[in-house]
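# Analysis of the macromolecular model
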Amino acid sequence: MPPKKPQAVGPLSAALMMSLALAWPAGARAQEAPESQELQEGGEIVLREVLVTATRTERDLMAVPMSVSVVSEQDLKREPAVNVADALADIPGVAVTDGGMPGGKRVMIRGENPMRSLILIDGVKVSEQKSMSGSAILIDTSQIERIEVIKGPASVLYGSEAIGGVVNIITKKGGDKPVGFSQQLVADSSTASVDIQSAVFGTAGGFNYRFSASGVNAGDRRGADGVIANSSYRNRNYSGRVGYDWDGASVYLRADRYESEIHIPTNVSSGLAPFTGVDGLSGPVAGYAASVIGMNFSSSTDVALYLPRWDRESVSGGFELRDLSENLARLKGEAYFQNMKKDFYNNVHVANYLQFMIGPLLEDLYITVDKNIRTYNDQDSYGGHLQSDWRLGGHYVIAGADYNKDDITADDYRLGGYVSIFMTPGAPPGNPSVIDITVPDVPAAYRYKLDQSAVGLFVQDEWSFADDWTATLGLRETWVDSRFKFNNNPDLNDLRSIGDSRLVGNVGLVYRGLENLSLRAMWAQGYRFPSLNQLYLGTTHGQQGFVHPNPDLAPETSNNYEIGARYQGENWNLDLAAFHSDAKNFITYNRIAGGDWRFENLDQARTFGAELGLDYSFEDYGLTPYVNAAWLKRRISNHVTAVTVTGTGAGAVIDYRRVGYRTDDSGLAPFSGRLGLKWRKEFGGPELYSDLYVNWASKAKNYRYDSDYSLGFVTDEYAAWQTLNLTLGARWGEARKWNASLSLRNIGDQGYTRAENNIEDPGFHVILGVGFEY
């Protein structure tokens, strides 16, 4: 079903929201947030008081109905990472994918494509409309105070893209004295890189400020099997923030710039290895090859990609007013502008060799195709949100509105190439003849101007309806509109405006009637509208053929059901969740007639999973054994374009038809996790710590239709892997302002590639972190 135009009004949904916000008397008793006793840091639950903002207001983690994990500033120092995404990799249910480029890692939550994970930096959505793989986390670790990861749909509070979950990055603010300075160095031997991080910060009266800079030059990655050529990257990050706090109010202004250059490893793939005869072929083309190709056939594809520029800069500001009245607990507003620039080169070389007989004559045919393409995307995003918090009897109601507009200018340069046909026809010995034909690809330049805007109204009620029971009920109405404003490419002709309006909801329940135990249940709907790239532009990135846009794509939707428990005892800490997601219309791309591709809606994806965080503290010895583990199973139902051959010889005909299939082999490792033993000991002032652990994942399988080479349905297998790792560290000095850590990763130098990655993971390497704060 194609998307519909946005409706002018949504009276039913608007009435529902207003009734939720106004249904309780204004003079009722206020509901206060309870004190926190639990924090999940880097996937491990420890004793510490903390408030999280997963529900768009500060709450005790024990009172939150969804799965939330937190990575703190101390986690980043104790186990340093050059890339922010790597700091999230050990959270149960979270995986990191490099998309073939180590300098542009992205996050997958509960098996969902990064396109379905929303990235926020201080409330600013990192949006990338012309991407095949979602938004990368374009910020340095040195900027971060903490990271909150919401697992499962959060579309009611955060809007589109939040089907898999949300990565909410909260940056550092001022210090605890008028002038402070920090310096941190992180070195990684797998890329021969050094990340230097510096900051100046302070607080005087109500005024606070922080200015920081960092940068890293990373060389080619070293895997266990050798250096991966052309995998280096470079980035720089600069930021400044000023704010002012006074009784019951605060304001801030923040500016941030991230610059990067990324080399992407050359991908050389053999479609069909050379063979004698046709025994090497399988699937529907075997008969056709036997009668037409005849004796020998081989094909290889060489893809070279390069990102000389991938930059993000943003300016944001906001205010917060607290305790405005007995009932109005808070009024908060933020506005932002963000610019993303991405310069991308895509060079493809395809070589085919065929040898066949025509009668008694042996024919050799060489066909080579070269395409050289450059795309330059300049995207402006601006918007903001306004939120009010109300204390109404046993209800804490959050109501607000948000707006985001992405305005993109995309330049598409076809830099030229050629199709070359070289043939040696059969001839009597000693009298060969040659046919050599080269057809140049005429250079062209196209420019596109598009925009997509989204308006959302949301309301959520935390209702303490009985002792120890809290229900959370939320609704959001979203209106989306996409427009094609300028185009000079005659091949793009369906440029109609496309929009949608959608109401989504969630219901959560938390029970805290048992000592140290919190039980939770959650139902939440997810929603994601197609990107401008998927609707209008298409792409040739990394593909020999073109991925065509599809203006008839339906929005992605999902229903998620989750139950969980959190327990914090004297020594035991537990966080357990089980979930099921039923998703429809997920967007992928399938082969179409003529060898090209097109974005299409996948029929259905059903996901089942469980996540565990468990540790036990032996306080007398400073030892804490722990395990973080996840189980995931995804069942996909889909239709693909299959190739069939009828007839033989000159009468052979290749046909394309739609074929349905269902599989549980979706390319995800069913089991993954981290098992370890931590030790921490204080010696007066200094603190020493260590962490010996194993990362692991089980074998993964991916059942798919081989659209490239028409081999029918095939199963790709990704081997199970395990790595042994050790981290040693210390903090010392006044208030332990000095820190040092040494991490030995993949001690066994195992060669492995994660199922979600395209290139080999690092072999044995060392990560060193040293820093101080004055």
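The rules behind the values
- Residues numbered from 1 in each chain as written.
- Predicted model: local features only at pLDDT ≥ 70, side-chain atom pairs only at ≥ 80, totals over all residues.
- Heavy atoms only, no water.
- Helix = DSSP H or I, 4+ residues; strand = E, 2+ residues; numbered from the N terminus.
- Buried < 20%, exposed > 50% of the residue type's maximum accessible area, 1.4 Å probe, protein only.
- Contact = heavy atoms within 4.5 Å.
- Polar contact = N/O pair within 3.5 Å; in protein donor to acceptor, adjacent residues only side chain to side chain.
- Phe/Tyr/Trp six-rings, centres within 6.5 Å; stacked < 30°, edge-to-face > 60°.
- Core = buried A, V, L, I, M, F, W, Y, C linked by side-chain atoms within 4.5 Å.
- Pairing = 2+ DSSP bridges.
- Salt bridge = Lys/Arg side-chain N within 4 Å of Asp/Glu carboxyl O.
- Patch = residues over 30% accessible without salt bridge, like charges linked within 9 Å, V, L, I, M, F, W, Y side chains within 5 Å.
- Areas by Shrake-Rupley, 256 points an atom, 1.4 Å probe, with all protein chains shown as cover.
- pLDDT = per-residue confidence, 0-100.
- 1 Å grid on protein atoms, 1.4 Å probe; cavity = no way out; pocket = protein on both sides within 12 Å on 5 of 7 lines; lining within 4 Å.
- Points joined across faces, edges and corners; volume = space filled by probe spheres on them.
- Nonpolar A, V, L, I, M, F, W, Y, C, P; charged D, E, K, R; others polar.

Looking now at the overall build of the protein. If you tally the helices and strands in the protein, you get five helices and 42 strands. In the protein, which comprises 774 residues, the share counted as buried stands at 54%. Considering only residue pairs separated by 6 or more positions, the protein has 68% of its internal contacts joining residues 24 or more positions apart.

All right, on to the side chain of S743 then. Positionally, S743 belongs in strand β41 (residues 738–745). There is a polar contact of 2.9 Å between the side chain of S743 and the side chain of T727. Among all residues touching S743, those that are not within four sequence positions of it are E79, P80, L726, T727, H765, V766 and I767.

One pass over the structure, following the stated rule, counts 20 aromatic pairs. Put simply, the rings of F181, W732, W738 and F772 touch in pairs and so form one group of aromatic residues.

Formed by 43 residues in total, the largest nonpolar core has its most connected members in L88, V107, I137, I147, V167, I169 and W310. When sequence neighbours within four positions are dropped, the list of residues in contact with I147 reads S69, V70, V71, V84, L88, V167, N168 and I169. Counting 22 residues, the second largest nonpolar core, distinct from the first, contains Y446, V480, F484 and L492.

Taken across its five residues, strand β8 (residues 117–121) has five buried, putting it largely inside the fold. Burial along β8 is two-sided: the face carrying S117, I119 and I121 and the face carrying L118 and L120 are both buried. Of the pairings in the sheet, the one linking β8 to strand β11 (residues 165–171) comprises five bridges and is parallel in character. Paired with I119 across the bridge in β11 is V167.

Here we take up the environment of W246. Counting through the fold element by element, W246 comes out in strand β17 (residues 233–246). Taking the C-alpha atoms as reference points, W246 and G206, separated by 40 residues in sequence, lie 5.9 Å from one another. Those residues in contact with W246 that sit more than four places away from it in its chain are V251 and R322.

Glancing now at the side chain of T539. Within the secondary structure, T539 sits in the loop between α5 (532–537) and β28 (547–548). On the accessibility criterion, T539 (3% relative accessible area) is buried. Setting aside its immediate chain neighbours within four residues, T539 contacts M132, N533, F546, V547 and F599.

Tallying each qualifying case throughout the model produces 62 salt bridges. A salt bridge links R222 to D749, with the shortest nitrogen-to-oxygen separation between them at 3.5 Å. With a gap of 527 residues between them, R222 in strand β15 (residues 222–223) and D749 in the loop between β41 and β42 (765–773) connect regions that are remote in the sequence. In this structure, the salt-bridge partner of E313 is R257, at a minimum N-O distance of 2.6 Å. Of the two residues, E313 sits in strand β19 (residues 296–322) while R257 sits in strand β18 (residues 249–272), which places them 56 residues apart along the sequence. A relative accessible area of 30% places E313 in the partly exposed class. Look at the salt bridges and you will find they share partners, linking R110, K151, R520, E562, R566, D575 and E611 into a network.

All right, on to the sheet that holds strand β32 (residues 597–601) then. With mixed pairing, three strands are arranged side by side in an open sheet as β28-β32-β31. Either end of the sheet is taken by a strand with one partner, and the two such strands are β28 and β31 (587–591). Direction of pairing for β28 relative to β32: parallel, over a ladder of two bridges. By the bridge assignment for β32, H548 is matched with R598.

The next point concerns a nonpolar patch on the surface. Residues F207, Y244, W246, V251, F319 and L386 make up a contiguous nonpolar surface patch of roughly 540 Å² in combined accessible area. Its place among the elements puts L386 in strand β21 (residues 361–392). In this structure L386 comes out as partly exposed when scored by relative accessible area, which is 45%.

The next subject is the confidence of the model for the protein. Across the protein, the average pLDDT comes to 83, with 81% of residues at 70 or higher. In the predicted structure, residues 1–48 sits below a pLDDT of 50 and forms 134 contacts with residues beyond four places in sequence or in another chain. Here residues 427–432 scores under 50 on pLDDT; set against residues more than four positions off or in separate chains, the count is two contacts.

The next point concerns the environment of A224. The topology assignment puts A224 in the loop between β15 and β16 (226–227). Owing to a relative accessible area of 23%, A224 belongs among the partly exposed residues under this scheme. Each C-alpha atom of the pair A224 and Q750 lies 6.0 Å from the other, and the pair is 526 residues apart in sequence. Look past the residues within four positions of A224 in its chain and what remains in contact with it is D749, Q750, G751, E760, D761 and G763.

A separate point is empty space enclosed by the protein. Taken as a whole, this structure holds eight cavities of 30 Å³ or more when the rule is applied. Within this model, the largest cavity holds a volume of roughly 490 Å³. Lining the largest cavity are 37 residues, and of these A89, V94, A95, S672 and E756 sit closest to its centre. Elements represented by at least two residues in the lining of the largest cavity include exactly β6 (94–97), β7 (106–109), β33 (604–616), β34 (623–646), β36 (671–682) and β37 (687–697). A per-class count over the lining of the largest cavity returns 24 nonpolar, seven polar and six charged.

Moving on: the pairing of strand β30 (residues 572–584). Sheet topology places strand β29 (residues 556–568) next to β30; twelve bridges connect them, and they run antiparallel. By the bridge assignment for β30, G564 is matched with A577. Linkage of β29 to β30, two consecutive antiparallel strands, is achieved through a turn of three residues. Judged from the 13 bridges that link them, β30 and β33 form a sheet pairing that is antiparallel. Along β33, the bridge assignment pairs F579 with G609.

Before going further, it helps to spend a moment on unusual backbone geometry. The phi torsion at R110 lies on the positive side, around 55°, for a residue other than glycine. Looking at the secondary structure, you find R110 in the loop between β7 and β8. Classification of R110 by relative accessible area gives buried; the value is 4%. Non-glycine residue A192 carries a positive phi angle of around 50°. Relative to the elements of secondary structure, A192 occurs in the loop between β12 (180–188) and β13 (193–204).

On to the environment of D378. Along the chain, D378 turns up in strand β21. For the pair D378 and I408, spaced 30 residues apart in sequence, the C-alpha to C-alpha distance is 5.7 Å. Once residues within four sequence positions are removed from consideration, D378 is found in contact with N339, M340, K341, D407, I408 and T409. Side chain to side chain, D378 and N339 meet in a polar contact 2.8 Å long.

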